[in-house]
Amino acid sequence: MDPGKITSSIQLPGPGDSTLLLQHLVRIQAEFNYIPDKAVADLSSSLGIPAAEIRGVIDFYSFLHLTPRGKYDILFSDSITDHMLGSRELITDLTEKLGVTVGEVRGDGRVSVDTTSCTGMCEQGPALLVNRLAINHLDQQRIEQIARLIEEDVDLADWPKEFFQIDDSIQRQDILLSSMASATGASPDTLTTLLSPEPDNVLDILQDAGLRGRGGAGFMTAIKWRSCRDTAAEQRYVVCNADEGEPGTFKDRVLLQRYAHQLIEGMTLCAHTINASKGYIYLRGEYLYLLEHLQAVLQERRDLGLLANNISGKAGFDFDIDIHLGAGAYICGEESALIESLEGKRGIPRKRPPFPVTHGYKNQPTVVNNVETFIAASQIILHGAEWFKGAGTEQSSGTKLLSISGDCERPGIYEYAFGTSIRQVLGDCGAHDTLAVQIAGAAGVTIPSEQFDRSIAFEDISTGGSFIIFNSDRNLLDMVQNFTHFFAHESCGFCTPCRVGSSLLKDLIDKLHAGHAGHYDINELNRITIIMRDTSFCGLGATAPNPVIQTLTNFPEIYERQVQHTDYEPAFDLDAALEEARQVTHCFGPEAHIKS
Amino acid sequence: MPEQQTFKLDSKTIPFRDGDTIMDAALRAGEYIPHLCHNPEFTPHGSCRVCVVSANGRHVSACTQQAMNDMEVDNRSDAIMDKRRNLLQMLFVEGNHVCPGCEKSGACQLQAVAYYTNMLSPHYTHFFPKRSVDASHADIAIDFNRCILCELCVRASRDVDRKNIFSISGRGIKARLVINSDTGKLGDSDLTATDKAVHVCPVGAILPKHRGYDKPIGERLYDRQPVSQVGDVAAHDEDDNHG
Ligand SMILES: Cc1cc2nc3c(=O)[nH]c(=O)nc-3n(C[C@H](O)[C@H](O)[C@H](O)COP(=O)(O)O)c2cc1C
Ligand code: SF4
Ligand code: SF4
């Protein structure tokens, strides 16, 4: 790339707003396939941020690079569900066809291929991102086509449209989805209805409905909104957590694609209730394909007077929403890390307390809610608390969207009243011969068949919605290995137990998976999981050992059968270490190997 | 007058003021809670986790947890010490620490806290990361092999020196300390030997040049008394900080 061209085409902001750093970096990366030094220097002087700090931000996010990626930058989704659908064979296939090594850029700069954490397309995988745009339903034929398009240097805009088709896969509706089924487009009447009750009244209705956060933690939404409103401040913020990074979760993607107006209605309702004038949607970088659509929806609403100034004809009610893109960091789904990221920084979780409701974005009171929570809140105000409580259990009112993937005939989005048993879910989606279900994502629970009568509810199995099915042909250790790699990759690195422990766990599970582990190593696993659980700074590290803890408890046999050895076998493999010497000396016969 | 608020640290009753963390109150009362990334001159960080205690049955870091009336804090039990020992072992295997050859040996807080917790070996498999030594500065050297990512130099340079010379880059196990200069070298930064950032490193990562091993074994900071009595290395005179 001609450096002169870079200087001229990077549009830099005026001095000031350092919170836009990450957004500038995302844009520069998209334009140049990397962040040139010149851009770092320019951003540093215009935003007043030291260059090393900017490079530190770039180095934190998986989608930002200081050296050029390929013109076609391909990232295969590397979640266990992709593996189950054959992604690894397809990666080999594509890299062989293109003559490129995983993780590297081809000599001519045309293409790079790598893997990335779950891209949220689990029900239509195997999936990849090409220059951040999703292509799903991969098979050999599609891989062949992709290789050809890249070799022929066909502009992405001219790739077959069906490649970029993303299904919304709704398989089962209950009260929430069906209440919105006929709603299309922007509805001024709906917003008028939503904004007519007094804020206090809104809080009372949400409280009465018992709405709890849908992002996983299950905090009472009314309490969150009320404490935000009751904190004295110059400015309050409404933030939608659309980071959806939990492996196996994709329901927010479907909601954003299909019910963006309802989401914005929910955020506007929140703004009106807590007295906020600014909102953000933090959209994970993997969902770049949704950006244009969401921006169009926001614009449509502004044009109709449903967003921006004097909303719905209410003099003085001003509220607008910006979309911020993430850049490949799972930790940014954690609300305080999300706020750091919104402020343009590395996504390191904050000390809590204080919580975001009192000290959030720019240190002002901030409501952070999941996509589904905002939508549920607005539907409750439209249809009433009784409507909502009509579904679910005493402690878990309403319904939950489940993202179902893995071994079943009909993966997709299923909406169920809380209290529904796992057995019923499995029956509905056509799962047979099920060995285990992984619920609530990589840090969730691994449920064996004896427990299929347990139910989805805050008081039993609480979940943000990830539901991955494994049949009895599967080796659950593959899942454990995938998840431990995921956490080691996604640990933010701030605190000792998670930064070091997640890598120790990963290495031990690899050793075990390769059949080199002994009973000593199982004790080691136990030892590390306890330290991580008890001493980590945030929820990521505290729950990262869960896949190991869960399977050690519920499926000890997957460990036992790997431990055919004595107590201890060193992780260091002397014979493998001699491989380099064999390569150099071209001696490959039996005499060049050490027998163990 | 309002009644004095107190909490229990093991068997001792510790008075505290509003806004105190467990660490603040304990330090004032002369009670030792092992720590590395905490330095009372800076805002609590909570990243090394070595000050983990059990407060009313919950594991928290003493440096960030607000003290509460009648709280029961376990700071000494075997279970708590065991967790600290494991955290220290993790720090040891993450970097490259060759104490016998290290100038900071004997005056190093990591080493001293390790002794205090009876850590006899690093236990875990060493990562043996490839890290460098930056000797480009005339008066100060930095050995990244010994950095434990406590961010004290980052905080000191940002909050006290107002120079922002250090920051953290990367993520997870690849997180690392970096220097903010055009070349990334210390020599090209405007760090000076009198900067606060040069005097807060609890380990032997940031060291003054032109001297070393000038205290004989037996007279080094932690040679005669344990860290629980001596306190932080940064709180001592420069001459003592050096093995
Ligand atoms: C490591 C980690 C990742 C998280 N990822 C998400 C996420 O992707 N989406 C989400 O809504 N909440 C996520 N959360 C939970 C948020 O911190 C927060 O509780 C949630 O956004 C609050 O919204 P709710 O009350 O509507 O659920 C995550 C939490 C942790 C600890
Ligand atoms: S537990 Fe620690 S290292 Fe892990 S993500 Fe949280 S703060 Fe970062
Ligand atoms: S810094 Fe401390 S722990 Fe590390 S080698 Fe030096 S004396 Fe040992």
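Quick caveat: nothing in here was measured; it's all calculated off a predicted structure. (Residues numbered from 1 in each chain as written. Chains lettered and ligands numbered in written order. Predicted model: local features only at pLDDT ≥ 70, side-chain atom pairs only at ≥ 80, totals over all residues. Heavy atoms only, no water.)

Caption draft 1: Region of the structure containing the domain arrangement of chain B. Residues and elements named next belong to chain B. If you check the domain split of chain B, you get domain 1 (5-76) and domain 2 (87-223 + 237-241). Taking only C-alpha atoms into account, the centre of domain 1 sits 25 Å from that of domain 2. With 17 residues of domain 1 in contact, the opposing surface of domain 2 contributes 19 residues. Carbon and sulfur atoms supply 65% of the area buried between domain 1 and domain 2, which totals about 1400 Å² over both sides. Sorting the residues of domain 1 by area buried against domain 2 places L36, F42 and H45 first, and these three jointly supply 45% of that buried surface. Taken together, domain 1 and domain 2 are joined by one salt bridge. Of the charged contacts in the structure, one is a salt bridge between K196 and E41, with a shortest N-O distance of 2.9 Å. The interface formed by domain 1 and domain 2 holds five residue pairs in polar contact (both at pLDDT 80 or more) in total. Taken together, the residues that form the side of domain 1 that touches domain 2 break down as nine nonpolar, five polar and three charged. (Domains from an automatic or database assignment. Contact = heavy atoms within 4.5 Å. Buried area = accessible area lost by both parts, 1.4 Å probe. Salt bridge = Lys/Arg side-chain N within 4 Å of Asp/Glu carboxyl O. Polar contact = N/O pair within 3.5 Å; in protein donor to acceptor, adjacent residues only side chain to side chain. Nonpolar A, V, L, I, M, F, W, Y, C, P; charged D, E, K, R; others polar.)

Caption draft 2: Focus on the packing of helix α10 (residues 199-209) of chain A against helix α13 (residues 260-274) of chain A. Residue and element names in this part refer to chain A. One way to put it is that α10 packs onto α13 with a least axis distance of 8 Å and a crossing angle of 120°. When the axes of α10 and α13 are compared, the pair comes out oblique. Helix-helix and strand crossings are classified by hand; for α10 and α13 the assignment is left-handed. Along the contact surface, α10 presents P199, V202 and L203, while α13 presents L269, H272 and T273. Here the contact of α10 with α13 is composed, by residue class, of four nonpolar, two polar and no charged. (Axes fitted to C-alpha atoms, helices over the stretch in contact; angles between N-to-C directions. Helix = DSSP H or I, 4+ residues; strand = E, 2+ residues; numbered from the N terminus. Parallel < 35°, antiparallel > 145°, perpendicular 65-115°, else oblique. Left-handed = near helix turned anticlockwise from the far one by under 90°.)

Caption draft 3: Seen up close, the site of ligand 2. Close to ligand 2 lie 13 residues; C492, C495, C498, C538 and G541 of chain A are nearest. For the shell around ligand 2, the residue count by class is nine nonpolar, four polar and no charged. (Near = heavy atom within 4 Å.)

Caption draft 4: Looking closely at the pairing of strand β7 (residues 278-283) of chain A. Residue and element names in this part refer to chain A. Counting buried residues in β7 gives six out of six residues, a clear majority hidden from the surface. Direction of pairing for strand β6 (residues 237-242) relative to β7: parallel, over a ladder of six bridges. Looking at β7, one finds that V238 is bridged to G279. One ladder, built from six bridges, connects β7 with strand β8 (residues 320-325); its direction is parallel. Its bridge partner being in β8, Y280 is matched across the sheet by D322. Note on the crossover from β7 through helix α14 (residues 291-303) to β8: the handedness is right-handed. (Buried < 20%, exposed > 50% of the residue type's maximum accessible area, 1.4 Å probe, protein only. Pairing = 2+ DSSP bridges. Right-handed = clockwise from strand over helix to strand, strands pointing away.)

Caption draft 5: Region of interest: the packing of helix α12 (residues 251-258) of chain A against helix α16 (residues 371-383) of chain A. Residue and element names in this part refer to chain A. Packing of α12 against α16 leaves a shortest axis separation of 9 Å and a crossing angle of 50°. The orientation of α12 relative to α16 falls into the category oblique. Contacts from K251, D252, L255 and L256 of α12 reach α16 at V371, E372 and I375. Of the residues contributing to the contact of α12 with α16, the split by class is four nonpolar, no polar and three charged.

Caption draft 6: Broad picture of the sheet that holds β7 of chain A. Residues and elements named next belong to chain A. In space, the four strands of this open sheet follow the order β8-β7-β6-β9, with parallel pairing throughout. Whereas interior strands pair on both sides, the edge strands pair on one side only; in this sheet they are β8 and β9 (366-370). Strand-to-strand, the axes of this sheet are offset by a mean angle of 20°, without reference to chain direction.

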